[in-house]
Amino acid sequence: MNDNDNRVNPNADAQKPAEQKPTLENPVKTNPTEDQQEGAKPQTAKPPAAKVEDKPFETFIRDDFLPNIKQALTERGMPPSTLELIQGDRPVVGDPCWMVCGEIPLGRRFWLCFASDSIASKKTISLAETGTEPSLIEPFLIDEKKMTLTLLRSRLLQRLNGQKWLTAN
């Protein structure tokens with residue numbers, strides 16, 4: 001064995017590549033992630049789809065609510081002879097409001113009234129059997145915080161069914 005074999009080579013470190021230390025002029029770069037790779041476009045979040053309930057009141061009622069109610073009544077064998085949005089005097093009390101007025105077979109009529117041009121406004125409903133005028137006004141959906149097309153439709157159908165107008169209970 002040679003004495004030179006056991007000695008530490010002072011030039012050994014010079015043979016290894018020097019580790020890069022980060023500096024302001026020369027920061028150490030790590031492997032980029034997929035999003036950071038050259039040429040990669042940043043992902044942009046799609047804006048949430050607009051809800052039908054966010055439409056202006058008249059547009060929502062005419063374009064979404066009325067066709068939905070017409071379809072639901074027709075599917076239950078009660079196609080409405082009249083179904084429209086009007087502005088007029090609320091049945092029974094006579095104050096001005098927006099109303100969805102409908103008439104189904106046998107001359108049965110209903111008025112879903114909105115206190116203002118907002119689906120979130122206070123609502124009432126009045127009903128009239130064939131050949132009569134409405135004599136009662138009822139609160140409608142008074143405890144609901146969020147108003148949706150589905151909720152308005154289902155509760156109106158539920159109320160009409162409660163009168164036994166849609167099916168024999």
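Preceding this section is the structure that the text describes.
The text that follows walks through the structure, step by step, so that each part is easy to find. Remember, predicted model here, so these are calculated numbers, not experimental data.

Describing the sheet that holds strand β4 (residues 123-128)
Stage number 1. Taken in spatial order, the five strands line up as β1-β2-β3-β4-β5 in an open sheet, and their pairing is antiparallel. Every interior strand has two partners, whereas the edge strands, β1 (82-89) and β5 (138-140), have only one. Taken pair by pair, the neighbouring strands of this sheet meet at an average axis angle of 30°, ignoring direction.
Stage number 2. Two strands pair when backbone bridges link them, and β1 and strand β2 (residues 96-104) are joined in this way by eight bridges, in the antiparallel orientation. Within the sheet, the bridge partner assigned to Asp 89 lies in β2 and is Pro 96.
Stage number 3. The strands touched by helix α3 (residues 57-75) are β1, β2 and β3 (108-114); relative to β1, the strand with the most contacts, the crossing angle is about 140°.

Digging into the pattern of salt bridges
Stage number 1. Tallied over the entire structure, the rule returns seven salt bridges.
Stage number 2. One salt bridge connects Glu 129 with Arg 108, and the closest N-O pair in it is separated by 3.2 Å. In this pair, Glu 129 sits in the loop between β4 and β5 while Arg 108 sits in strand β3, placing the two residues 21 residues apart along the sequence.
Stage number 3. Residue Glu 129 is classed as partly exposed on the basis of its relative accessible area of 34%.
Stage number 4. Notably, a salt bridge pairs Glu 144 with Arg 155, separated by 3.4 Å at the nearest N-O pair. Here Glu 144, found in the loop between β5 and α4 (149-162), pairs with Arg 155, found in helix α4; they are 11 residues apart in sequence, far enough to count as distant.
Stage number 5. On the basis of relative accessible area, Glu 144 is assigned to the partly exposed category, the value being 33%.
Stage number 6. With relative accessibility at 32%, the residue Arg 155 sits in the partly exposed group.

The rules we used
- Residues numbered from 1 in each chain as written.
- Predicted model: local features only at pLDDT ≥ 70, side-chain atom pairs only at ≥ 80, totals over all residues.
- Heavy atoms only, no water.
- Pairing = 2+ DSSP bridges.
- Helix = DSSP H or I, 4+ residues; strand = E, 2+ residues; numbered from the N terminus.
- Axes fitted to C-alpha atoms, helices over the stretch in contact; angles between N-to-C directions.
- Contact = heavy atoms within 4.5 Å.
- Salt bridge = Lys/Arg side-chain N within 4 Å of Asp/Glu carboxyl O.
- Buried < 20%, exposed > 50% of the residue type's maximum accessible area, 1.4 Å probe, protein only.

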